[in-house]
Amino acid sequence: SPRTEAHALRALCSINREISGYMLGALSDSFFHKKESLEIYKRVLKFNERKGNVPSLQLLLEDQLLSKEAKAFIETSGKPISDQAELEALVENLDKYRRTRLIYSMCKDAISALTVDGAIDIEEVQSAIVGKLTEIQTRRTTDADVIHLGKDSNALEHIHDIIYKESNDQVIPTGFAD
């Protein structure tokens, strides 16, 4: 839904760092379908890469590198999101659209691969379907992937787990005794 995508982009550009940080960690370009949404999302990521934070909506609207269509698109989004539950519902809604698009694409590709004249490489078709299914089931989560530093950080618990947790598959044993 274009309206949902515009709403998510507005939340991504929120002045509240908790909201914009959550959206930055929860979204990827696969969540967006409209050309304007992808343009805005990639521009926000590039800004974040250079500056270390996301641009405000006003700064984004004044950005000369964004097309007029993208600026008009982001202006149509609704009121800003203010609570975590609404934010999570928005991301879940975008994820449903993302999965629907991927399933449609997978089925369309599989049907066209099976209806060609000549030999059908069933292994290739099966591999493509498995790849798409994996993509459909994969979704980034901020809690599992991001370690926060500074105020309200979660780094200490991760460091404690790495050092003291005995059954940690992510740590290579060194052979040194405690």
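Look above for the structure.
Computed from a prediction, not measured in an experiment: that's the story for all the values here. (Residues numbered from 1 in each chain as written. Predicted model: local features only at pLDDT ≥ 70, side-chain atom pairs only at ≥ 80, totals over all residues. Heavy atoms only, no water.)

Counting residues in each nonpolar core, the largest one holds 30 residues, and the members touching the most others are Leu 9, Met 23, Leu 27 and Ile 40. For this core, the secondary-structure elements that each account for two or more residues are helix 1 (2-12), helix 2 (17-26), helix 3 (35-51), helix 4 (57-61), helix 5 (68-75) and helix 6 (84-114). (Core = buried A, V, L, I, M, F, W, Y, C linked by side-chain atoms within 4.5 Å. Buried < 20%, exposed > 50% of the residue type's maximum accessible area, 1.4 Å probe, protein only. Helix = DSSP H or I, 4+ residues; strand = E, 2+ residues; numbered from the N terminus.)

What follows is about the packing of helix 2 against helix 6. Axis separation between helix 2 and helix 6 bottoms out at 11 Å; the angle between their running directions is 20°. The angle between helix 2 and helix 6 places the two elements in the roughly parallel class. Crossing geometry of helix 2 relative to helix 6 is assigned as right-handed. Seen from helix 2, the contacting residues are Ile 19, Tyr 22, Met 23 and Ala 26; seen from helix 6, they are Gln 84, Leu 87, Glu 88, Leu 90 and Val 91. Broken down by class, the residue content of the contact of helix 2 with helix 6 amounts to 7 nonpolar, 1 polar and 1 charged. (Axes fitted to C-alpha atoms, helices over the stretch in contact; angles between N-to-C directions. Parallel < 35°, antiparallel > 145°, perpendicular 65-115°, else oblique. Left-handed = near helix turned anticlockwise from the far one by under 90°. Contact = heavy atoms within 4.5 Å. Nonpolar A, V, L, I, M, F, W, Y, C, P; charged D, E, K, R; others polar.)

Together, Leu 156, Ile 159, Ile 162, Ile 163 and Tyr 164 give the surface a local cluster of nonpolar side chains, amounting to about 570 Å² of exposed area. Along the chain, Ile 163 turns up in helix 9 (residues 155-164). Here Ile 163 falls in the exposed class, since its relative accessible area comes to 54%. (Patch = residues over 30% accessible without salt bridge, like charges linked within 9 Å, V, L, I, M, F, W, Y side chains within 5 Å. Areas by Shrake-Rupley, 256 points an atom, 1.4 Å probe, with all protein chains shown as cover. Salt bridge = Lys/Arg side-chain N within 4 Å of Asp/Glu carboxyl O.)

Right, let's talk about the packing of aromatic side chains for a bit. Applying the stated criterion across every chain yields a total of 1 aromatic pair. Residues Phe 32 and Tyr 41 carry aromatic rings whose centres are separated by 5.0 Å and whose planes lie at 35° to one another, so their mutual orientation is tilted. Neither Phe 32 nor Tyr 41 differs from the other in exposure class; each is buried. Directly above the ring of Phe 31 sits Arg 98, whose terminal nitrogen or CZ lies 5.4 Å from the centroid. (Phe/Tyr/Trp six-rings, centres within 6.5 Å; stacked < 30°, edge-to-face > 60°. Lys NZ or Arg CZ within 6 Å of the ring centre and 35° of its normal.)

A packed helix pair is summarised by two numbers, namely the angle formed by the two axes and the spacing between the axes. Interaxial distance between helix 1 and helix 5 falls to 8 Å at its minimum, and their mutual angle equals 90°. Judged on the interaxial angle alone, helix 5 and helix 1 are roughly perpendicular. Note on element contacts: helix 5 touches helix 1 through Phe 73, Ile 74 and Glu 75, opposite Pro 2, Glu 5, Ala 6, Leu 9 and Arg 10. Across the contact of helix 1 with helix 5, the residue classes break down as 5 nonpolar, no polar and 3 charged.

Residue position: Arg 99 is located in helix 6. Among the residues examined, Arg 99 registers a relative accessible area of 29% and is labelled partly exposed. Spatially, the C-alpha atom of Arg 99 lies 9.6 Å from that of Thr 138, the residues being 39 residues apart in sequence. Setting aside residues no more than four positions away along its own chain, Arg 99 makes contact with Glu 92 and Ile 136.

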